[in-house]
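# Architecture at a glance
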Amino acid sequence: MPIEAATALSGKDVVGIGHLSTGEIQLILDTAEELLDVAERPIKKVPALRGSTVVNLFMEPSTRTRFSFEVAEKRLSADTLNFSSSGSSVSKGETLLDTARNLMAMAPDFIVIRHPNSGAPHRLAEVVPVSIINAGDGINEHPTQALLDALTMRQRFGSLAGLKVVIAGDIRHSRVARSNAFLLTKMGAEVRFVAPASLLPLDVEDLGVSSFLRIEPALEGADVVMMLRIQLERQKKINFPSMREYFDFFALTPERLRLAADHAVVMHPGPMNRGVEIDSLVADGEQSVILDQVTNGVAVRMAILYLLAGGRSEAASDS
Amino acid sequence: MTAADDGSTALHQVLDKSGMAHTVARMAAEILERDGDDLMLVGIHTRGVPLADRLARALEEATGRKVAVGWLDISLYRDDVGPWRPAHQQPVLKETVLPDSIDDRVIYLIDDVIFTGRTTRAGLDTLLDWGRPLAVRLAVLVDRGHRELPIAADIVGKVLNTARDEDVRVRFAEVDGEDGVWVGSGVNGAD
């Protein structure tokens, strides 16, 4: 699959992987790679976004994604405003669009939004003129997570094309799994979903991935094993008998990991439930790149902010 | 196709391959005379990088000692792109590599052309976020005038009297497939 090189993003927003071209994905990853060293300089800040204002609109609990965005914004010298649903006017019944219109009065340049409703960032992007970055919407997409996962895989394997990637866990409620499936299939990787039938999405065939009801056959020859958290907060009823049973059948243990390729890496978007979907020996083992994912998350978010701050790819450049 | 015959502008050559080699050798001699060989050369992307490599080779030939060479990407520090210039695309980032700490060392920033001085300003700001050098000097192959900031080069290969809208093209075999400097009436001013 040929990748058409891009030198800029074509849209004003990054609301999902679905609307990014392979060239745009490549550009974000290449830019992130060069931004990693900002964290290693004596002065961990560059002036690229000085004078810009970013609103972090988090309508759902988040620690690492919110911190990661905030660090990314600060390393680029943007000013940040944090807005969360608890203790704000949202808990007093204000609608998302009214909140956004009010925030517009503060002249932000970017709104980073996490929302429990799928599609909320897309709706916001239609009605406000500033750049919207999706930090996770319902069970739809989490594009920055898929991009940081892709960067982590690319660092290990050089390229995404041809990689065999197992994604196991609560796929049905996972926007991480969906964004990863979109990104990885676009970039030529093979994606294998593993979950009990009750936790597989209904549209698994449309995503272009294969699905497995047992973890062992999926692990065979895998380059990447990504374990997802069981999201009890998104399940209306529990979809499997017990945590213990889930661990026995689906958790990544050292024995199961041996079925994957010798060079396989273990990933997890966090927060981990040790002893539910992942054994501590694996989470802390040599094959784990879970902390690299966190480091790469900051760089990927910096890359998106940096690229969105410039002209679009259709816009004429001056040289 | 060479810069001189691409047909888009009327360019005339002011330095050929051997002229460029002589100029680089003289610049290296001046650097040596001024600061000795205990220094680091830092080339500004794109064409400061091959120039820094050639100066390093010339210094090594003269002294027999290895010279530290780094590369600097100034994109994050430019004043002509960013959120305040929304019509302009962000530059594609390139690698910044400094082989060692720059603290308490003499650093030579290396660029192919000095024009408005804005690139040098961005280069200085980038460099100083990496440490506190003993001194920073600037070496350029071509000084074409038209400064917009109070900045001067310490080592200059060749001074060219140009009109503001003239085009100066420096080409290095490593990047462009040939060596040489051309001047002419074009639309782009290199800096």
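Note on numbering: residues in each chain are counted from 1, in written sequence order. By the order in which they are written, chains take letters starting at A while ligands take numbers starting at 1. Whole-chain, interface and lining totals are the exception, using all residues; otherwise, since this is a predicted model, local features are given only for residues with pLDDT of at least 70 and side-chain atom pairs are given and counted only at 80 or more. To obtain the side-chain values, all non-hydrogen atoms of the structure were used and water was disregarded.

## A look at the environment of Glu174 of chain B
Residue and element names in this part refer to chain B. Looking at where Glu174 falls in the secondary structure, it is placed in helix α4 (residues 173-176). For each residue, the accessible area found with a 1.4 Å probe, counting protein chains only, is set against the maximum for its type, and the residue is called buried under 20%, exposed over 50%, and partly exposed in between. For Glu174, a relative accessible area of 43% translates into the label partly exposed. Through-space distance from the C-alpha of Glu174 to that of Val49 is 9.5 Å; in sequence the pair is 125 residues apart. Contacts are residue-level and defined by heavy atoms, with any inter-residue pair within 4.5 Å sufficient. Apart from the residues within four sequence positions on either side, Glu174 is in contact with Pro50, Arg54 and Arg57. Separated by 2.6 Å, the side chains of Glu174 and Arg54 make a polar contact. Strands are runs of DSSP state E lasting at least 2 residues, helices are runs of H or I lasting at least 4, and numbering of each runs from the N terminus. Throughout this description, a polar contact denotes any pair of N or O atoms lying within 3.5 Å of each other; where both atoms belong to protein, one of them has to be capable of donating a hydrogen while the other can accept it, and for residues adjacent in sequence the pair is counted only when both atoms sit in side chains.

## Quick look at the sheet that holds strand β2 (residues 79-84) of chain A
All names here are of chain A. Two strands make a pair as long as DSSP finds a minimum of two bridges between them. Spatial ordering of the open sheet is given by β2-β1-β3-β4, a layout of four strands whose pairing is parallel. The sheet is open, and its two borders are formed by β2 and β4 (131-137), each paired with just one other strand. On average, adjacent strands in this sheet sit at an angle of 15 degrees to one another, irrespective of strand direction. The pairing of strand β1 (residues 53-58) with β2 spans six bridges and is parallel. Bridge pairing links Thr53 to Asp79 in β2. Along the sheet, helix α4 (residues 120-127) contacts β1, β3 (110-115) and β4; its crossing angle with β4, the most-contacted strand, is approximately 170 degrees. Between N-to-C directions, angles cover 0 to 180 degrees, with each direction set by a line fitted to C-alpha atoms, over the stretch in contact for helices.

## Description of the sheet that holds strand β6 (residues 190-194) of chain A
Residue and element names in this part refer to chain A. Within the open sheet, the five strands sit side by side as β7-β6-β5-β8-β9. Their pairing is parallel. Every interior strand has two partners, whereas the edge strands, β7 (210-212) and β9 (265-267), have only one. Adjacent strand axes in the sheet meet at a mean angle of 20 degrees, parallel and antiparallel pairs treated alike. Across four bridges, strand β5 (residues 164-168) lies against strand β8 (residues 224-227) in parallel orientation.

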